[in-house]
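Spelled out from the first residue to the last, the chains are:
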Amino acid sequence: MNPDSENKKGRMQGMLGALLITGVAAAAMIVLIGGISYIVKYGAFHQDYGVFRGEPLSLRHLGGIFRLAWSLESRGIIQAGLVVLIATPIARVAFSFAAFLMDRDWMYGLFTLVVLVTLMYSLVGR
Amino acid sequence: MTLLALAGSLLAGFFGAMTGLGGGVIIVPMLTLAFGVNIRYAVGASLVSVIATSSGAAAAYVREGYTNIRVAMFLEIATTFGALFGAFVAARIPTSAISIIFGIVLIYSAFLSRHAPRKTGAEKPGFVAAKLRMDSDYPSSEGRTSYHVGNVPAGFGIMFAAGGLSGLLGIGSGAVKVLAMDRAMRLPFKVSTTTSNFMIGVTAAASAGAYLHMGYIDPGLAMPVMLGVLLGSWVGAKTLVRTKSGRLRTVFSIVIAVMALEMIYNGITGGVK
């Protein structure tokens, strides 16, 4: 490997690391802000998690979550932070996809695309 | 409840990082056994914390150059499909069954963490590994050491199971991933642990999307768990460098075994919600 491509590889890894750190830190900040407003609002209110009822529909889908977060509803803000967290590894896969395409590595580009589409379907689909 | 979950998650993250078992395997028994949380909410909160710690740790690992991105990407096809399948099954089986399976996997993880895996690399690349150009090298004291990748089809199969357990139980199933890469594909130890960690976040993201739609992720519960585990594991990873963790691991393995038996017992007697 020539020093030039070694350099490029190091830069890519640095960017990838920065992407992961930024995603997790941003998610933690949003969850923390939502969490503080959640505690202020609900305080010592003891929610019972003993029986599974499932979340309300608005907290299950991206559209509903971002609408609630936009109106500064504490549960919506936390959930939006969690969506940012789930999106972080997905962004990481998208990044690798772009890197394989730039290397003209079509086979691994295809593998990565399969993973990316599966992840997008899981988060956005239905 | 919020403060209790936060304190418990801090401890879980701390000891999970110290022992290398990860926070996920402790969060679910803690929430269900100690706090009486329904196991479906517990796995949802646990999975979210798994993504946070894995992505945080992966950021440090990718710079060091141990992670084999090709192996990771190819095997992620197996783990993401496995994870979706696991989440699909989780929604259709009773909580007692989830609890029993969790207990068994917990015992296995604790057992595996006590036995250091072999470090030998494969002598020659497997057929599939050669076709997929997976052989690579890693940094060592003698410069870059190259290695071969062994049995990829077996590794792929085990990875599907690892993804399935992750989606079913809300854990990273790092122990099963390391098994696939150490024993089947015979990657060097440091390569398999970092590559496994790299994959955990992607696998968990696949089932987390499904969990979100299934209503398993409750913001009021996931919030203290995620923040607690993230902070705890960060402090734990810093402490790891300075302390010898031999005795701690022994104590921790016993605690895990007790929790595992209790989960199995509760599952059988119907004590789990």
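Everything discussed here concerns the structure shown above.
Residues numbered from 1 in each chain as written. Chains lettered and ligands numbered in written order. Predicted model: local features only at pLDDT ≥ 70, side-chain atom pairs only at ≥ 80, totals over all residues. Heavy atoms only, no water.

Chemist: A description of helix α4 (residues 69-90) of chain B should follow, citing residues and the corresponding values.
Modeler: Every α-helix winds through 3.6 residues per turn, so residues three or four apart in the chain are directed the same way. All names here are of chain B. Compared with an ideal rise of 1.5 Å per residue, which puts 22 residues at 32 Å, α4 spans 30 Å between its outermost C-alpha atoms and is within 8% of the ideal. Maximum bend of α4: about 35°, positioned at Glu76. The opening residue of α4, the one whose side-chain oxygen lies 3.2 Å from the backbone nitrogen of Arg70, is Asn68. (Helix = DSSP H or I, 4+ residues; strand = E, 2+ residues; numbered from the N terminus. Expected span 1.5 Å × (residues − 1). Bend = angle between axes of the 7 residues up to and from the residue. Polar contact = N/O pair within 3.5 Å; in protein donor to acceptor, adjacent residues only side chain to side chain.)

Chemist: Give a detailed account of a nonpolar patch on the surface, specifying residues and quantitative values.
Modeler: Among the surface-exposed residues, Leu110, Leu113, Val114 and Val117 of chain A together with Phe81, Phe85, Phe88 and Phe160 of chain B lie close enough to one another that they form a single nonpolar patch of about 720 Å² accessible area. Position of Phe85 of chain B relative to the elements: it lies in helix α4. According to the relative accessible area criterion, Phe85 of chain B is partly exposed, its value standing at 46%. (Patch = residues over 30% accessible without salt bridge, like charges linked within 9 Å, V, L, I, M, F, W, Y side chains within 5 Å. Areas by Shrake-Rupley, 256 points an atom, 1.4 Å probe, with all protein chains shown as cover. Salt bridge = Lys/Arg side-chain N within 4 Å of Asp/Glu carboxyl O. Buried < 20%, exposed > 50% of the residue type's maximum accessible area, 1.4 Å probe, protein only.)

Chemist: Provide a residue-level description of helix α7 (residues 152-169) of chain B, including the pertinent values.
Modeler: Residue and element names in this part refer to chain B. Between its first and last C-alpha, α7 extends 25 Å over 18 residues, near the 26 Å set by a 1.5 Å rise per residue. If you check the start of α7, you find a side-chain oxygen 3.2 Å away from the backbone N of Ala154, and it comes from Asn151. The positive-phi residue at the C-terminal boundary of α7 is Gly170, with phi of around 70°.

Chemist: Please give an account of the packing of helix α2 (residues 62-70) of chain A against helix α3 (residues 74-102) of chain A that cites residues and values.
Modeler: Residue and element names in this part refer to chain A. Closest axis-to-axis distance for the α2/α3 pair is 7 Å, and the angle between their directions is 130°. Considering their axes alone, α2 and α3 lie oblique with respect to each other. The handedness of the crossing between α2 and α3 is left-handed. Taking contact as the criterion, the partners of Leu62, Ile65, Phe66, Leu68 and Ala69 in α2 are, on α3, Gly76, Ile77, Gln79, Ala80 and Val83. (Axes fitted to C-alpha atoms, helices over the stretch in contact; angles between N-to-C directions. Parallel < 35°, antiparallel > 145°, perpendicular 65-115°, else oblique. Left-handed = near helix turned anticlockwise from the far one by under 90°. Contact = heavy atoms within 4.5 Å.)

Chemist: Quick rundown of the pattern of salt bridges? Include the residues and the values.
Modeler: Tallied over the entire structure, the rule returns 6 salt bridges over all chains. The partner of Arg75 of chain A in a salt bridge is Glu55 of chain A, and the shortest N-O contact between them spans 2.9 Å. Of the two residues, Arg75 of chain A is situated in helix α3 and Glu55 of chain A in the loop between α1 (3-42) and α2; the sequence distance between them amounts to 20 residues. You'll find Arg75 of chain A and Glu55 of chain A in the same group, each marked buried. The salt bridge involving Arg70 of chain B is made with Asp105 of chain A; its shortest N-O contact spans 2.9 Å.

Chemist: So what about the interface of chain A and chain B? Which residues, and what values?
Modeler: Reports of interface size often rely on the accessible area that becomes lost once the parts have come together. Chain A puts 58 residues into the contact, and the matching count from chain B is 54 residues. Summed over both partners, the interface of chain A with chain B buries about 4,800 Å², with 72% contributed by carbon and sulfur atoms. Among the residues of chain A in contact with chain B, Tyr49, Phe52 and Tyr108 of chain A are the three that bury the most area, contributing 16% of the side total. Counting across the interface, chain A meets chain B through 18 residue pairs in polar contact (both at pLDDT 80 or more). For the side of chain A that touches chain B, the elements supplying multiple residues, two or more each, are α1, α2, α3 and α4 (106-124) of chain A. Among the elements that make up the side of chain A that touches chain B, the one with the highest residue count is α1 of chain A (15 residues). Along the lines of polarity and charge, the residues of the side of chain A that touches chain B split into 35 nonpolar, 16 polar and 7 charged. (Buried area = accessible area lost by both parts, 1.4 Å probe. Nonpolar A, V, L, I, M, F, W, Y, C, P; charged D, E, K, R; others polar.)

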